[in-house]
Amino acid sequence: MRWIYAIALMIYSFSMSAQIYNPVQWEFEFQKIDDSNYLLIYSATIEEGWKVYSQYLETDDGPVRTGIYYDEASHYILEGKGIETGHKKEGYDPVFDMNVISFSEEMIITQAIKVTDPELPITGFLEFMVCDDEKCLPPAEEYFSFSLNDATVPKEEKKNEESIGIEASSYFNLNKPNLDEPINQCEVVSSVSNATNKDKGWLNIFLLGLIGGLIALLTPCVFPMIPLTVSYFTKKEGNQASGVGQAFLYGFFILLVYLVISIPFHLMDSINPDILNDISTNIWLNIGFFVVFLFFAFSFFGFYELTLPSKWTNKANSAEGVGGVLGIFFMALTLALVSFSCTGPILGSLLAGALTADGGAWQLTAGMAGFGTALALPFGLFAAFPSWMKSLPKSGGWLNSVKVVLGFLELALAFKFLSNADLVKKWGLLKIEPFLAIWIVIFLGLTLYLFGKIKFPHDSPLKKLSVGRWGLSFISLAFTVYLISGFRTDPQTQSYRPLGLLSGLAPPVCYSIWKPCDCPQDFNCFKDLETGLAYAKSVNKPILLDFTGHACVNCRKMEEHVWPEEPVYRTIKEDYVLISLYVDEKIALPESEQIMVEKINGGQRQLKTVGNKWSHFQTEYFQTNAQPYYVLMSAEGILLTPPVGYVPDVEEYQDFLACGLQAFETLK
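Everything quoted here is computed from the prediction, not taken from an experiment.

> Looking at this structure, how should I read the overall build of the chain?
Each helix and strand counted, the chain has 20 helices and 14 strands in total. By the burial criterion, 49% of the 668 residues in the chain qualify as buried. In the chain, the share of contacts with a sequence separation of at least 24, taken over all contacts with a separation of at least 6, comes to 73%. Within the structure as shown, the chain displays about 31600 Å² of accessible surface, and the carbon and sulfur contribution to it stands at 59%.

Given below as structure tokens:
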């Protein structure tokens, strides 16, 4: 099956390699209020999965805000600000590590305007940026012209009689490469199937839920109930077969209870597909998670008991006497309620983890299914095979030790959520150094507890360490040492070595007090094409042209997880000249370079920022506007291999680089 999958990925990658994305269509119209007052209406139709950004973002450090720029004229005055409507989403965006306002499916901007001479047109252009969950496209422009005495003229190309657009090859002083005839024809799979990733995400969270449920089984709220409940079913009415069937039904209802918990999230998801992401990425909710997880942790430590209202438990318990199927359902509900003090914090961790991942309510349901399955299976299996009960350990003080260990884990996770909030607001409270220091203290404390050096309120006297406790102690100690290793400096990159086990939990290594990063992995990179080309000619090396973006998630994944690996790092550092061109760079170009250029698909475009310049270069020379995008070429612009996009496999990316070197030797 692997070869079928590989062929499918290759076909997908080639179909995407030279694609110009155009996921937003704009329409311009107006409404007449009276002879001098009008409404100008800008309507965007956005393809599924993409989004554009509001005019009113808090800062320019993130995505390019949608902007409407009018040509100077004296025959009209704008009345107030443009009003935005549509499928609006506001909250923390992990792509940009900040709060943003974005629109999906549709965005409508309505601008009131007072006109003194309706005979004269109102002209200008609209600038916007569009992103999906994997990439952001360079900022784009749409020109408009409103003729208020006639029908609207949508998308009319702005004509500047004083400035005629020039071709890209003249502007960049570089011959366009022949994309169909590189020196070497290397085949590299440069993308992955979204559907496969989605299915894998659901399976992963199901397994996480299963692990969480198995851990919950070992807590003092659940474990002692297994033999009691199984004994009840196997001895009921002397009919063992009937008892086993009822035990499995009991297990099914346990699973059903936890599945039902996810239903409200589906209802919210149907009202607004982005609501789960809004909930999970909101800065104040992340701070709320931090407080709640601290509360959970100290509950597990035994300083207080976390329980649901007694009325709920009493009503469920009294309903067990109904008998039959309904009575068994209420038995399952009673178990879920009375065990909440132990399962609640674990379930809360699952909920928080599911909400911060892609996939929405269905992924949450998958996690609940795993959790409920792990709790339900023992009751059915032990009822079917009573002899297995003899292999269960007896209840005792070890059950409380399990709770305390979970308390340490909850405490560590609490700081993960505080770190999320810190990244959004750029407070600088939990950069990589203080985050690692806190986790080191937590897991050192766990190690000391397992060795019996620390006691908590409900701990039994520890006479000797069991084999299992010895094993956990050394695992905790080893993990503490592993965390300490996070302060090691990579001699190649001159930054901290990223800890793979903390991927997604710890802040990025570049978010650092002492070792912040500039160029990825401390490469000697160029951020200007002409300078990089001149250097490549002087040292006679091939060029790795890196089309990237500040807001590109997959760009960061490549830079942090593929480029540091040997021999990729050595190959880039020693054999290539790295030129990183940021297509979303907001720095204004010098006035002499802010000119009109001809677009490959017709029309003209004005280059105003550095990002405009590099995005125009990418689309005109390589007929794509997706990032990351990697081109291997000579300093004269000769293409060495077919360009590639996102290649998360280290070996495949190294093969791509090696193929380019072979082509360069052939060219020499």
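> Whenever I open this one, the packing of helix α14 (residues 432-450) against helix α15 (residues 467-484) confuses me. Can you help?
How two helices sit against one another is set out by the angle between their axes and by the gap between those axes. Interhelical geometry of α14 versus α15 gives an angle of 160 degrees and a closest axis separation of 9 Å. Overall, the two elements α14 and α15 adopt an arrangement that is roughly antiparallel. Classified by chirality, the crossing of α15 by α14 is left-handed. Mapping the contact onto sequence places L436, W439, I440, F443, L444, L446, T447, Y449 and L450 in α14 and R469, L472, S473, S476, L477, F479, T480, L483 and I484 in α15. Tallied by class, the residues present in the contact of α14 with α15 amount to 13 nonpolar, 4 polar and 1 charged.

> Explanation requested: the sheet that holds strand β9 (residues 140-146) in the structure shown.
Hydrogen bonds between backbone atoms are what pair the strands of a sheet, whose relative direction is either parallel or antiparallel. Strand order in the open sheet formed by 3 strands is β4-β7-β9, with antiparallel pairing between adjacent strands. Of all the strands in the sheet, the pair left with one neighbour each is β4 (67-70) and β9. Each strand axis lies, on average, 25 degrees off the axis of its neighbour in the sheet, ignoring direction. Note: β4 against strand β7 (residues 122-128), 4 bridges, orientation antiparallel.

> How should the pairing of strand β6 (residues 98-115) be read in this particular structure?
Regular strands show a simple pattern: their side chains alternate between the two faces of the sheet. Where strand β2 (residues 37-46) lies against β6, 9 bridges are found, and the strand directions are antiparallel. Directly across from S43, in β6, lies its bridge partner I108. Pairing of strand β3 (residues 51-53) with β6 involves 2 bridges; the strand directions are antiparallel. Across the sheet, the residue bridging to Y53 is S102, located in β6. Relative to β6, strand β5 (residues 76-93) runs antiparallel, the two sharing 15 bridges. Each residue of the ladder has a partner; that of I77, found in β6, is K114.

> Can you help me understand the nonpolar core in this one?
Within soluble globular proteins, side chains that are nonpolar tend to cluster in buried spots. Formed by 36 residues in total, the largest nonpolar core has its most connected members in W26, L40, Y42, I122 and F146. For this core, the secondary structure elements donating two or more residues are β1 (24-32), β2, β3, β4, β6, β7, β8 (130-131) and β9. In contact with I122, other than residues within four places in its own chain, are L40, Y70, H75, Y76, I113, V115, F144, S145, F146 and L148. Core analysis: the next-biggest nonpolar cluster, separate from the first, contains 33 residues, F290, L411, F443 and Y449 among them.

> Hey, could you run me through the pattern of salt bridges in this one?
Opposite charge on two side chains lets them pair, provided their charged atoms get close. Evaluated as defined, the whole model comprises 2 salt bridges. Note that K32 is salt-bridged to D35, the shortest N-O span being 3.5 Å. Close ionic contact of E566 with R570 constitutes a salt bridge, the shortest N to O distance being 2.5 Å. The exposure class of E566 is partly exposed, given its relative accessible area of 40%.

> Looking at this structure, I do not really get unusual backbone geometry. What am I missing?
Working note: non-glycine residues mostly have negative phi, and peptide bonds are mostly trans. A cis amide bond, omega 0 degrees, links E566 with the succeeding residue P567. The residue P567 is located in the loop between α17 (553-562) and α18 (568-575) in this model. Of note, N540 is a non-glycine position whose phi angle comes to about 55 degrees, a positive value. Structurally, the position occupied by N540 is in the loop between α16 (529-539) and β10 (543-548). Even without a glycine there, the phi angle at Q623 is positive, about 55 degrees.

Rules and cut-offs
Residues numbered from 1 in each chain as written. Predicted model: local features only at pLDDT ≥ 70, side-chain atom pairs only at ≥ 80, totals over all residues. Heavy atoms only, no water. Helix = DSSP H or I, 4+ residues; strand = E, 2+ residues; numbered from the N terminus. Buried < 20%, exposed > 50% of the residue type's maximum accessible area, 1.4 Å probe, protein only. Contact = heavy atoms within 4.5 Å. Areas by Shrake-Rupley, 256 points an atom, 1.4 Å probe, with all protein chains shown as cover. Axes fitted to C-alpha atoms, helices over the stretch in contact; angles between N-to-C directions. Parallel < 35°, antiparallel > 145°, perpendicular 65-115°, else oblique. Left-handed = near helix turned anticlockwise from the far one by under 90°. Nonpolar A, V, L, I, M, F, W, Y, C, P; charged D, E, K, R; others polar. Pairing = 2+ DSSP bridges. Core = buried A, V, L, I, M, F, W, Y, C linked by side-chain atoms within 4.5 Å. Salt bridge = Lys/Arg side-chain N within 4 Å of Asp/Glu carboxyl O.

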